[in-house]
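Now for the letters of each chain:
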Amino acid sequence: MTRIIAIANQKGGVGKTTTTINLAASLAATRRRVLLVDLDAQGNATMGCGVDKYRLLYSVRDVLLEAVTPQAVIIHPEGLGFGVMPANADMTEAEIKLREMPAGDFALKLALESVAVDYDYILIDCPPALSKLTVNAFVAADGVLIPMQCEYYALEGLTALVDTIKKIQRVINPRLEIEGLLRTMFDPRNNLSNDVSAQLLQHFGDKVYRTLVPRNVRLAEAPSHGLPAITYDPSSAGAKAYLALAGELLRRHDGGQMSLENQ
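As the structure is a prediction and not an experimental result, all values here were calculated from the model.

## Quick look at the nonpolar core
The nonpolar side chains of a soluble globular protein tend to be buried, and buried together. Core analysis: the largest hydrophobic core is formed by 51 residues, its most contacted members being Val37, Leu39, Leu64, Leu112, Ile124 and Phe138. Excluding residues that lie within four positions of it along the chain, Phe138 makes contacts with Ala6, Ala8, Val144, Leu161, Thr164, Ile165, Ile168, Asn173 and Leu176.

Set out below in structure tokens:
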């Protein structure tokens, strides 16, 4: 059964897009069928998968506004092993027009229904704001994965995000849950990081992934080459962390085994 996961945090620079790309690649490496949906007008996930956002014939915007089918938009970048529904600055128009549509909150959910059967996992890269596009992702999703840095302001923003998830769950999408909290750019030498990490574990318990994503140069370099870290440098600490995250996620869902293609 398809699992749809929104990767969201209204705070920018927390590793949201990095997580979406690298988790997609890591799940694909375990022979899962994966689709990455880019909902951000910046198109960073699109570019990070080696797709030129400036030369798109169609984007997610066209799907949301019912101009084309999802099948017409999905791209399969060479060598990555997963599909991409790309985005660019046209998403700003979609944000505005969705507000005028009677069922604007359900546009993504309805669009994904026609392709969900082809995938085991659909990962949605949300914009860094609690916008109409983010609401669309939450309505379509089964769970929300929250990447966050272990710093003071991250905790403050987390409260608003959790409140939004609970509201969507109560009013529109009763199956929505917090998929998990992922500690990113983690530095164990930093006392604040350790303190915030301890608070997360205290408040969210098993919802906090055991996997810690460290600050890693190779992880930061990979998007400029249009590649996930697992392809750019599979031996890097960042690549290994996201493979570990994929394994943890699979074990939570169905006891899935990490059977890597490259082994």
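## Focus: the side chain of Thr19
Residue placement: Thr19 occurs in helix 1 (residues 16-29). Here Thr19 is in contact with Ile7, Ala24, Leu145, Pro147, Leu182, Thr184, Tyr242 and Leu245, once residues within four sequence places are set aside.

## So, the sheet that holds strand 3 (residues 83-85)
Taken in spatial order, the seven strands line up as 3-2-4-1-5-6-7 in an open sheet, and their pairing is parallel. Of all the strands in the sheet, just strand 3 and strand 7 (208-214) have a single pairing partner and so form its edges. Across the sheet, the mean angle separating the axes of adjacent strands is 25° when strand polarity is ignored. Note: strand 2 (residues 34-38) against strand 4 (residues 121-125), five bridges, orientation parallel. When the bridges of strand 4 are listed, Leu36 appears paired with Leu123. Strands in contact with helix 12 (residues 237-254) are strand 1 (3-7), strand 4, strand 5 (143-149), strand 6 (177-186) and strand 7; relative to strand 7, the strand with the most contacts, it is inclined by about 170°.

## A word on the side chain of Thr17
Assignment of secondary structure puts Thr17 in helix 1. With a relative accessible area of 16%, Thr17 lands in the buried category.

## Focus on the packing of helix 8 (residues 152-171) against helix 9 (residues 191-204)
Look at helix 8 against helix 9: their axes get within 10 Å of each other, and the N-to-C directions meet at 25°. By the angle between their directions, the pair helix 8 and helix 9 is classed as roughly parallel. Contacts between helix 8 and helix 9 pair Tyr152, Leu155, Leu158 and Val162 from the former with Leu192, Val196, Gln199, Leu200 and Phe204 from the latter. The residue makeup of the contact of helix 8 with helix 9, split by class, is eight nonpolar, one polar and no charged.

## Notes on the environment of Leu192
As for its position among the elements, Leu192 is in helix 9. Residue class for Leu192 comes out partly exposed when judged on its relative accessible area of 40%. In this structure the C-alpha to C-alpha distance between Leu192 and Asp40, which are 152 residues apart in sequence, comes to 30 Å. Setting aside its immediate chain neighbours within four residues, Leu192 contacts Cys150, Glu151 and Tyr152.

## Regarding the pairing of strand 5
Here strand 5 lies mainly inside the structure; seven of its seven residues are buried. Alignment of strand 1 against strand 5, held across three bridges, turns out to be parallel. For Ile5, the partnering residue across the bridge sits in strand 5 and is Gly143. The sheet contact formed by strand 5 and strand 6 spans seven bridges and is parallel. Bridge assignment links Leu145 to a residue of strand 6, and that residue is Gly180. Remark: the strand 5/helix 8/strand 6 crossover connection has right-handed handedness.

## Some details on the pattern of salt bridges
A full pass over the atoms with the stated rule returns 18 salt bridges. Here Arg210 and Glu248 are joined by a salt bridge, their closest N and O atoms 3.8 Å apart. Taken together, the positions of Arg210 in strand 7 and Glu248 in helix 12 put the pair 38 residues apart, joining distant regions of the chain. For Arg210, a relative accessible area of 65% gives the class exposed. By relative accessible area, Glu248 is classed as buried at 5%. Within this structure, Arg3, Glu177, Glu179 and Lys207 form a network of salt bridges that share partners.

Conventions and cut-offs
Residues numbered from 1 in each chain as written. Predicted model: local features only at pLDDT ≥ 70, side-chain atom pairs only at ≥ 80, totals over all residues. Heavy atoms only, no water. Core = buried A, V, L, I, M, F, W, Y, C linked by side-chain atoms within 4.5 Å. Buried < 20%, exposed > 50% of the residue type's maximum accessible area, 1.4 Å probe, protein only. Contact = heavy atoms within 4.5 Å. Helix = DSSP H or I, 4+ residues; strand = E, 2+ residues; numbered from the N terminus. Pairing = 2+ DSSP bridges. Axes fitted to C-alpha atoms, helices over the stretch in contact; angles between N-to-C directions. Parallel < 35°, antiparallel > 145°, perpendicular 65-115°, else oblique. Nonpolar A, V, L, I, M, F, W, Y, C, P; charged D, E, K, R; others polar. Right-handed = clockwise from strand over helix to strand, strands pointing away. Salt bridge = Lys/Arg side-chain N within 4 Å of Asp/Glu carboxyl O.

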